[in-house]
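# Analysis of the macromolecular model
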Amino acid sequence: MTADLDTASSGKQESAAQRVSGGRVPPPGISFRDRLSRWDFKYSPYLYVAPFFIIFGIVGLFPLLYTAYVSLFDWELIEDSPSFVGLENYVLLFSDPQFWRTLVNTVSIFLLSSIPQIIIAILLAAMLNTRLRGPTGWRVGILMPYVASLVALGIIFANLFGPKFGLVNGILETFGLERIDWQANRFASHVAIAVMVNWRWTGYNALIVLAAMHAIPKELYEAAIVDGAGAIRRFFSITLPLLRPTLIFVVVTSTIGGLQIFTEPKLFDAMPGSNNGGSTNQFQTITLYMYQSAFEDQDFGYASAIAWALFVIIILVALINFALTRRLASTGEEQ
Amino acid sequence: MTTIGLPFPRRARAGNGAGGRLGRASFWIYGLLIAFVLGSAFPFYWSFLVASRDNSMLTERIPPLIPGGNFLANAQRAFELSPFWKALGNSVLVSSTVAFSTVFFSTLAGFAFAKLRFRGRNVLFVFVVATLAVPTQLGIIPLYMAMSEFGWANQLQAVIVPNLVTAIGVFWMRQYTVQAVPYELIEAARVDGCSMIRVFWHVCLPAVRPAAAFLAMFTFMTSWNDFLWPLVVLNADNPTIQVALEKLQSGYFVDYSLVLAGTTLATIPVLIVFIVLGRQFVAGIMQGAVKG
């Protein structure tokens, strides 16, 4: 078939004409074939984009909306007739200390993972943006953690941060420091989980920032050098401001993912298989709590209320991000 | 197709020395980067290290960092104690199907959004982009109820069907197709009487092959590493590799050598793929970043 196109585009009209009529059963009439072609032209695009919308509608949008419906019921797993309870699940949720605890845990882990991650990613990108020997090799090297599955990651880091035999505590002791119970201590457990997240995503984000750095015109730096600006000054006055849109993109995407963090805290538990997020829920996240309510306690109604609450939180944070983005962007223009 | 000389605009970019790269890397930059790469590789190595010894190594404060000889024995135990072969087979099947299907439907939709004119195109595309921000993971409860209703619980199609096509795939292919497929070629093929689907197959598909290859790798890996939904819908006797790994950990958690042998085994395939195709991964992520 490629041959057909080749000859056609080189302008051999007789071969194109042959191909249209030749070797096929003649259609009932020109007009019909024209109409067919017009239909093809008009409706094919809808056919091509339809699979996405069908799949998204059935397995994405509908379940999400139906979650709101389920959250209004006392809906146990093996119940045939769930009873409508109105907003009772939400009333329970807002007075549930465990929910607030998981919310604080989620936000704490998110902040501990996103802030250092972005700073390190920028520095790493700046280092990669120098003239290196074998630039691709370094990029591949820092991207490596990205292929680790979250489950493997959780298992390995739970081992490294193990309170008794973990390597991290071994190193701390060697340096004469106190061992830390990375699982029992609430803040320490958040740090350990944040380290996992950072380990996996920093290199990836550094590459995104690096790509944005490549897009900055060289002339700006050359002009700055002529004006006598040093490397640090160039970084803060040129690189950083021009990276802003990319950084905002990184922040927004990591927010949406970060607030749904599930696998890392689940695998980090000293009591594997447990959904408690530690004996006093010290590192249970909202998604883990939702999972526990639905598939361990089999309370679908309540779990749906948790899911919907998290959904609203994510939307709110996304809107705040959006507003912030616009403000930052407009102040950027004024400068 | 090479006779027509299809442009691969992205290929040209790589050579031009990349915008802002200034200044020669100094000694300490190399030092820091080496430290960073070693830090990136260490957890993988640690996993193999524990898996290649026995559990007594962990009682030492700083255990020796040289592998022992027990890896195969530990790996064999992992295969005996959990349905590891089945899990590997399931994961290969699920991830390949999902990758193939996502690439096909995303390329098709990307072609329509990038090159065909139809009513509502822009609105629909904005909708696709907006869905990128929708946390569909939060809908798993009704999804689980639906799958149970269909009798799909614990069946592989339950983890395949929801991932047949993704918004990120459609978005990525559309962005690439916009600049990779010239309108003239499409027009020429149309004038010659090609149907739309043949235009897609013979004009669009060859031109977007690099982007499709990246999307296939990316989707395969995402699917291979997927955990929450498979954990919900599959049982321990018909798991994907990640679910099997979690069961292994929760069943034998004091036996670190065993659990980390399983972890190492599950990581080796993706690590090999990454070492072979790492360049393409880096290029794909950096291209996506410029467009996103």
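Since the structure is predicted, the reported quantities are computational estimates derived from the model, not experimental observations.

Here we take up the overall build of chain A. When you go through chain A residue by residue, the secondary structure sums to 14 helices and two strands. When each of the 335 residues of chain A is scored for burial, the buried share is 49%. Taking the contacts inside chain A whose residues are at least 6 apart along the sequence as the reference set, 66% of them involve residues at least 24 apart. About 16,200 Å² of surface is accessible on chain A, with carbon and sulfur atoms providing 67% of the total.

Further remarks concern the confidence of the model for chain A. When pLDDT is low, close inspection of the predicted coordinates is not appropriate. Residues and elements named next belong to chain A. With 87% of its residues at a pLDDT of at least 70, chain A reaches an overall mean of 84. Helix H13 (residues 286–295) holds the highest mean pLDDT among the elements of chain A, 95, whereas helix H1 (residues 2–9) holds the lowest, 38. Considering only residues more than four positions removed or in separate chains, one finds that residues 1–24, a stretch of pLDDT under 50, has 22 contacts.

Turning next to a nonpolar patch on the surface. On the surface, a nonpolar cluster with roughly 500 Å² of combined accessible area is contributed by Phe32, Leu36, Trp39, Tyr43 and Tyr46 of chain A. Here Tyr43 of chain A lies in helix H3 (residues 30–70).

Attention now moves to unusual backbone geometry. Residues and elements named next belong to chain A. For Asn281, which is not a glycine, the phi torsion comes out positive at approximately 55°. Among the secondary structure elements, Asn281 is positioned in the loop between helix H12 (263–268) and H13. Looking at Asn281, the relative accessible area reads 15%, which means it is buried.

If you look at the interface, chain B gives 104 residues, while chain A gives 104 residues. Counting across the chain B and chain A interface gives two salt bridges. Run the count over chain B and chain A and you get twelve residue pairs in polar contact (both at pLDDT 80 or more). Here the residues of the side of chain B that touches chain A sort into 72 nonpolar, 23 polar and nine charged.

Let's shift gears to the nonpolar core. Across soluble globular proteins, you tend to see nonpolar side chains buried next to one another. Counting 178 residues, the largest nonpolar core has Leu143 and Phe268 of chain A together with Trp229 of chain B as the members making the most contacts within it. The contacts of Trp229 of chain B, once residues within four sequence positions are left out, are Ile140, Leu143, Tyr144, Met147, Ala158, Val159 and Pro162 of chain B. One finds Ile216, Ala224, Ala229 and Ile238 of chain A within the second-largest nonpolar core, a separate group that totals five residues.

Attention shifts here to the packing of aromatic side chains. Centre-to-centre distance and the angle between the planes together describe a pair of aromatic rings. With the rule as written, the count across this model stands at 48 aromatic pairs over all chains. Where Phe52 of chain A meets Phe53 of chain A, the ring centres are 5.2 Å apart and the plane angle is 80°; that geometry is what we call edge-to-face. The exposure class assigned to Phe53 of chain A is partly exposed, which follows from its relative accessible area of 21%. Between the aromatic rings of Phe42 of chain B and Trp46 of chain B, the centroid separation amounts to 6.0 Å while the plane-to-plane angle is 35°, which identifies the pairing as tilted. Remark: Trp46 of chain B and Phe42 of chain B occur in helix H2 (residues 27–51); sequence separation between them is four residues, near one turn of the helix.

The subject of this paragraph is the packing of helix H4 (residues 84–115) of chain B against helix H13 (residues 241–251) of chain B. Residues and elements named next belong to chain B. Between H4 and H13, the least distance of the axes is 8 Å, while the angle of their chain directions is 150°. Here H4 lies roughly antiparallel to H13, going by the angle between them. Within the contact between the two elements, H4 uses Phe84, Ala87, Leu88 and Ser91 and H13 uses Ile241, Ala244, Leu245 and Leu248.

What counts as what
Residues numbered from 1 in each chain as written. Chains lettered and ligands numbered in written order. Predicted model: local features only at pLDDT ≥ 70, side-chain atom pairs only at ≥ 80, totals over all residues. Heavy atoms only, no water. Helix = DSSP H or I, 4+ residues; strand = E, 2+ residues; numbered from the N terminus. Buried < 20%, exposed > 50% of the residue type's maximum accessible area, 1.4 Å probe, protein only. Contact = heavy atoms within 4.5 Å. Areas by Shrake-Rupley, 256 points an atom, 1.4 Å probe, with all protein chains shown as cover. pLDDT = per-residue confidence, 0-100. Patch = residues over 30% accessible without salt bridge, like charges linked within 9 Å, V, L, I, M, F, W, Y side chains within 5 Å. Salt bridge = Lys/Arg side-chain N within 4 Å of Asp/Glu carboxyl O. Polar contact = N/O pair within 3.5 Å; in protein donor to acceptor, adjacent residues only side chain to side chain. Nonpolar A, V, L, I, M, F, W, Y, C, P; charged D, E, K, R; others polar. Core = buried A, V, L, I, M, F, W, Y, C linked by side-chain atoms within 4.5 Å. Phe/Tyr/Trp six-rings, centres within 6.5 Å; stacked < 30°, edge-to-face > 60°. Axes fitted to C-alpha atoms, helices over the stretch in contact; angles between N-to-C directions. Parallel < 35°, antiparallel > 145°, perpendicular 65-115°, else oblique.

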